[in-house]
Amino acid sequence: MFRYYLKIFWNKNSPNKFNGSILFPFIGTILSTISIIVIYCVMNSMEDYIKQAIVSIDGESSIYALDCNYKDCDNQVKNIQKYLDSKHIESQIVVNRMALIKFYNQSKIVNVVGVKDLKFLENFFEISINKNDFEKGVLIGQDLFKELGGPAKEDSLLILAPLDAAPFVNGEFFQVLDQNIEFENPNSIMDISSEYIFIDYYKALNMFSLARPQINIDTQLDSSTINYIKQNIENILYEDWRDKKPLFFNAIKLEKLLYSGFGLIIALIVAFNIYGLVNLIIYRKKNQLSLMLYLGATKKQIKSIFHYNILGFGFLGTLIGSIISVLIIESNFLVNKGFLPMLKEISIYYPIIFFSITFNLLTLYFSSKISISKNIKNIGVLKSNAIES
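Read on for an overview of the structure. Remember, it's a predicted structure, so these values are computed and weren't measured experimentally.

## Some thoughts on the side chain of Asp-200
- One can find Asp-200 in strand S7 (residues 196-200).
- Lys-203 is the oppositely charged side chain nearest to the buried, salt-bridge-free Asp-200, at an N-O distance of 6.9 Å.
- A polar side-chain atom of Asp-200 sits 3.2 Å from the main-chain amide nitrogen of Tyr-202.
- Discounting chain neighbours no more than four positions away, the residues touching Asp-200 are Gly-114, Val-115, Phe-134 and Glu-135.

And the structure:
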């Protein structure tokens with residue numbers, strides 16, 4: 001009997017002819033699974049990569065000293081850092097200020113970051129920085145290097161601090177380091193390679209007389225740690241990376257959902273196709289269905305023919321699509337072929353695989369259920385015709 005059920009679904013009216021109309025929803029299920037998984041994992045990896053770049057400069061969270069003079073602010077951040085060190089929380093003290101950089105006739109407004117601990121930059125940008133050279137030099141991005149006309153190592157760049165003029169504009173020459181940072185981020189609001197430069201922390205303090213140091217922290221602090229710091233040190237502000245760039249990361253999440261939505265749209269198209277396919281099968285198989293009803297088969301059994309077969313090929317399609325998606329991601333095919341120049345690798349986000357399988361199966365099930373429910377009256381008519389005949 002089960003083999004007869006399979007023939008009703010998979011064969012045309014002739015038992016030797018395969019029902020080719022089933023291939024489209026089967027292939028569509030595979031493609032929708034691949035689209036959802038691969039696109040979501042790519043966008044998720046891109047979000048993590050850009051977040052790590054921002055964290056390398058601003059940290060996962062930051063503490064700012066407010067309303068204090070130079071010495072008080074410096075003491076405040078040092079005391080806070082000592083407390084964080086006692087709790088084994090990594091942090092770095094930096095100064096971040098807008099300035100003007102000039103090289104011959106080329107000039108540009110940039111963000112100058114005064115860095116005390118070089119390991120944060122070295123770890124993320126995968127470079128090695130000579131500390132002695134860095135104390136009198138400036139580290140710039142590859143894009144800014146091109147915009148300035150490609151200054152050589154022995155060339156000097158003039159950095160001016162117009163925001164800290166009191167009454168004259170502070171300025172100092174810095175030697176260009178023999179390496180540049182590279183960070184390709186076409187969708188990021190932080191164009192690190194073009195708009196950020198890095199100099200020694202103490203040089204930055206001397207140049208930017210009105211700037212206040214801040215502590216960048218590698219993690220988000222819990223509420224008890226934040227409250228302890230605020231109770232013991234006045235006039236400080238705590239922010240995590242979500243507070244600093246809320247619109248940016250919301251836009252990234254929206255973009256991730258929109259791109260992943262292409263896979264969902266394919267799944268919905270497959271659902272509409274299933275709807276039409278069930279109608280077509282019922283129309284083609286009306287004689288067999290009439291005979292089954294006449295012999296005592298129930299409407300529930302008729303429904304099960306469609307549900308089991310549709311869920312069966314739906315699960316097989318999502319399983320094949322999931323395997324192909326994992327192979328594409330693990331092989332780093334998209335990165336190696338240059339389709340994703342800003343990424344070095346794509347990380348698999350396994351929950352999206354389970355979501356894709358569940359979404360596809362539910363979509364197929366409900367589309368077949370709705371289609372069968374709308375045709376249930378026709379099935380009843382078939383039964384009446386069978387009895388009358």
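Read on, since the account is not over.
## As for helix H9 (residues 223-232)
- Taken together, the buried positions of H9 are occupied by Thr-225, Ile-226 and Ile-229. Angular distribution of buried residues about the axis of H9 spans 100°; they occupy a single face of the element. Counted as exposed and oriented over 90 degrees from the buried face of H9: Ser-223 and Gln-231.

## With respect to the nonpolar core
- Grouped together as the largest cluster of nonpolar side chains are 49 residues, with contacts concentrated most on Val-42, Ile-129, Phe-134, Leu-139, Phe-198, Leu-343 and Ile-346.
- Of all the secondary-structure elements, those providing two or more residues to this core are helix H2 (23-58), strand S3 (106-115), helix H4 (119-125), S7, helix H11 (246-284), helix H13 (299-330), helix H14 (333-336) and helix H15 (350-374).
- The greatest single-element share of this core, amounting to twelve residues, is contributed by H2.
- If sequence neighbours within four positions are ignored, Phe-134 has contacts with Val-115, Leu-118, Ile-129, Leu-139, Leu-177, Phe-198, Ile-199 and Asp-200.
- Of all hydrophobic cores here, the second largest spans 40 residues; its members include Ala-65, Val-77, Leu-84 and Ile-236.

## Describing the side chain of Gln-214
- Within the fold, Gln-214 resides in strand S8 (residues 214-217).
- Only 2.9 Å separates the side chain of Gln-214 from the side chain of Asn-216, close enough to count as a polar contact.

## Considerations on the environment of Leu-139
- Tracing the backbone shows Leu-139 in strand S4 (residues 137-140).
- Relative accessible area serves as the criterion here: at 0%, Leu-139 is assigned to the buried category.
- Between the C-alpha atom of Leu-139 and that of Leu-177, which follows or precedes it by 38 residues, the distance is 5.8 Å.

## Considering the pattern of salt bridges
- Tallied over the entire structure, the rule returns four salt bridges.
- Close ionic contact of Lys-119 with Glu-90 constitutes a salt bridge, the shortest N to O distance being 3.5 Å. Here Glu-90 lies in the loop between helix H3 (70-86) and strand S2 (91-103) and Lys-119 lies in helix H4, a separation of 29 residues in the sequence.
- A residue is classified by how much of its surface remains accessible, and Lys-119, at 36% relative accessible area, is partly exposed.
- Judged by its relative accessible area of 43%, Glu-90 is partly exposed.

Reading the values: rules and limits
- Residues numbered from 1 in each chain as written.
- Predicted model: local features only at pLDDT ≥ 70, side-chain atom pairs only at ≥ 80, totals over all residues.
- Heavy atoms only, no water.
- Helix = DSSP H or I, 4+ residues; strand = E, 2+ residues; numbered from the N terminus.
- Buried < 20%, exposed > 50% of the residue type's maximum accessible area, 1.4 Å probe, protein only.
- Lys, Arg positive; Asp, Glu negative; His and termini not counted.
- Salt bridge = Lys/Arg side-chain N within 4 Å of Asp/Glu carboxyl O.
- Polar contact = N/O pair within 3.5 Å; in protein donor to acceptor, adjacent residues only side chain to side chain.
- Contact = heavy atoms within 4.5 Å.
- Arc of directions from axis to C-beta.
- Core = buried A, V, L, I, M, F, W, Y, C linked by side-chain atoms within 4.5 Å.

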